[in-house]
Amino acid sequence: MKPEDVVRYSREQWSEPRAEALDAEIAGYPFSVREAQVLDLAAGPGAYTAALLRAGAGLVVWHDVDAGFLESAKRALPSSPRVRFEVRDMLDLPYPAGSFDMVALRDALHWASDEARLLRHLAALIRPGGWLVLTNHNFRRPLATVRPRWRAAAHLASPPLAALLGRKPVPTLWVLEGLTRRRLRCAGFEVVEWRRPRPADFEAICRRSPGPG
């Protein structure tokens, strides 16, 4: 992301209304994050990391590939042994199996070069009975935000083509909801809640199966 975009996006994420919305979101989960070991994957400027800390998480690992976001997160987050920073690709996950009680992957699954592989890897990192919070955009996102229309068409075509070809021919802004549900089940997750807070976005609260995935 361009430096000016990092600054703008960080300012939006660190606003007081956004903090209140994140606190309410976490309070509404069907589980508690208190004392939990959490991986905040593709954590961006760290506003959600901060919300997890306010909710009492025992440790939050901030993980993002963008060093610009690291600077933003370190400026905004409190200096605490409850926070750890990792600048890595989202598929570079050097953590032992069962390390986390919860993983959050918010609005970033579409950036993964291999979505199915990433979900399998996350399942391995979550202890049996732990939780995955997954949010992302559906096909309405490029229709509403991308101009010119030929670029929107390219974004729309990418997920279906990737499912057929096994690779993403062009970058995308969304994922297929039905395919994501199936990949979650195959990875070893039970989908506890699936909702659409806005037409272009969905949220999945998933529990790691107690047995092998």
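Residues numbered from 1 in each chain as written. Predicted model: local features only at pLDDT ≥ 70, side-chain atom pairs only at ≥ 80, totals over all residues. Heavy atoms only, no water.

## Some words on the packing of aromatic side chains
Logical step 1: By the definition in use, this model includes seven aromatic pairs.
Logical step 2: Pairing Phe31 with Trp131 gives two aromatic rings, centres 4.6 Å apart and planes at 15 degrees, and the pair type is stacked. Taken together, the residues span a long stretch of sequence, with Phe31 in the loop between helix H2 (16–27) and strand S1 (37–41) and Trp131 in strand S5 (residues 126–137) at a distance of 100 residues.
Logical step 3: Judged by its relative accessible area of 14%, Phe31 is buried.
Logical step 4: Consider the rings of Trp62 and Phe85, whose centres lie 5.7 Å apart with planes at 55 degrees: the pair is tilted. A residue pair is termed long-range when its members are at least 10 positions apart, and Trp62 in strand S2 (residues 59–64) and Phe85 in strand S3 (residues 83–87) qualify at 23 residues.
Logical step 5: On the accessibility criterion, Phe85 (27% relative accessible area) is partly exposed.
Logical step 6: Directly above the aromatic system of Phe85 lies the positively charged group of Lys74, at a separation of 5.4 Å from the ring centroid. (Phe/Tyr/Trp six-rings, centres within 6.5 Å; stacked < 30°, edge-to-face > 60°. Helix = DSSP H or I, 4+ residues; strand = E, 2+ residues; numbered from the N terminus. Buried < 20%, exposed > 50% of the residue type's maximum accessible area, 1.4 Å probe, protein only. Lys NZ or Arg CZ within 6 Å of the ring centre and 35° of its normal.)

## Regarding the packing of helix H5 (residues 115–125) against helix H8 (residues 177–187)
Logical step 1: Here H5 crosses H8 at 40 degrees, and the two axes come no closer than 9 Å. The pairing of H5 with H8 is recorded here as oblique in orientation. As H5 runs across H8, the sense of the crossing is right-handed. Packed against H5, whose contacting residues are Glu115, Ala116, Leu119, Arg120 and Ala123, the element H8 presents Arg183, Leu184 and Ala187 at the interface.
Logical step 2: Split into classes, the residues belonging to the contact of H5 with H8 amount to five nonpolar, no polar and three charged. (Axes fitted to C-alpha atoms, helices over the stretch in contact; angles between N-to-C directions. Parallel < 35°, antiparallel > 145°, perpendicular 65-115°, else oblique. Left-handed = near helix turned anticlockwise from the far one by under 90°. Contact = heavy atoms within 4.5 Å. Nonpolar A, V, L, I, M, F, W, Y, C, P; charged D, E, K, R; others polar.)

## Concerning the sheet that holds strand S4 (residues 100–106)
Logical step 1: Overall, mixed pairing links the seven strands, which are arranged S3-S2-S1-S4-S5-S7-S6 in an open sheet. Bordering the open sheet on either side are S3 and strand S6 (189–198), each of which pairs with just one other strand. Strand-to-strand twist across the sheet, computed as the mean angle between neighbouring axes with direction ignored, equals 15 degrees.
Logical step 2: Summarising the sheet, S2 and S3 pair through five bridges and their orientation is parallel. Bridging across to S3, Val60 finds its partner in Val83. (Pairing = 2+ DSSP bridges.)

## Description of the packing of helix H1 (residues 3–13) against helix H4 (residues 67–76)
Logical step 1: Two elements in contact, H1 and H4, have axes separated by 10 Å at closest approach and are oriented at 40 degrees. When the axes of H1 and H4 are compared, the pair comes out oblique. Classified by chirality, the crossing of H4 by H1 is right-handed. Contacts between H1 and H4 involve Val6, Tyr9 and Ser10 from the first element and Gly68, Phe69 and Ser72 from the second.
Logical step 2: For the contact of H1 with H4, the class distribution of residues is three nonpolar, three polar and no charged.

## What about the nonpolar core?
Logical step 1: Ranked by internal contacts, the top residues of the largest apolar core, which has 30 residues, are Leu39, Leu118, Leu122 and Leu132.
Logical step 2: Listed by contribution, the elements that provide at least two residues to this core are S1, S2, S4, H5, S5, H8, S6 and strand S7 (201–208).
Logical step 3: With five residues, the top contributor of residues to this core is H5.
Logical step 4: Among residues more than four places away in sequence, those in contact with Leu118 are Leu41, Met90, Leu91, Leu93, Leu105, Leu109 and Ala112.
Logical step 5: Val6, Tyr29, Leu52 and Trp62 belong to the second largest nonpolar core, which has 28 residues in total. (Core = buried A, V, L, I, M, F, W, Y, C linked by side-chain atoms within 4.5 Å.)

## Re helix H3 (residues 47–54)
Logical step 1: By the criterion of burial, H3 is predominantly enclosed, with seven of the eight residues buried.
Logical step 2: The set of residues buried in H3 consists of Ala47, Tyr48, Thr49, Ala50, Ala51, Leu52 and Leu53.
Logical step 3: Just beyond H3, the residue with positive phi is Gly56, at close to 100 degrees.

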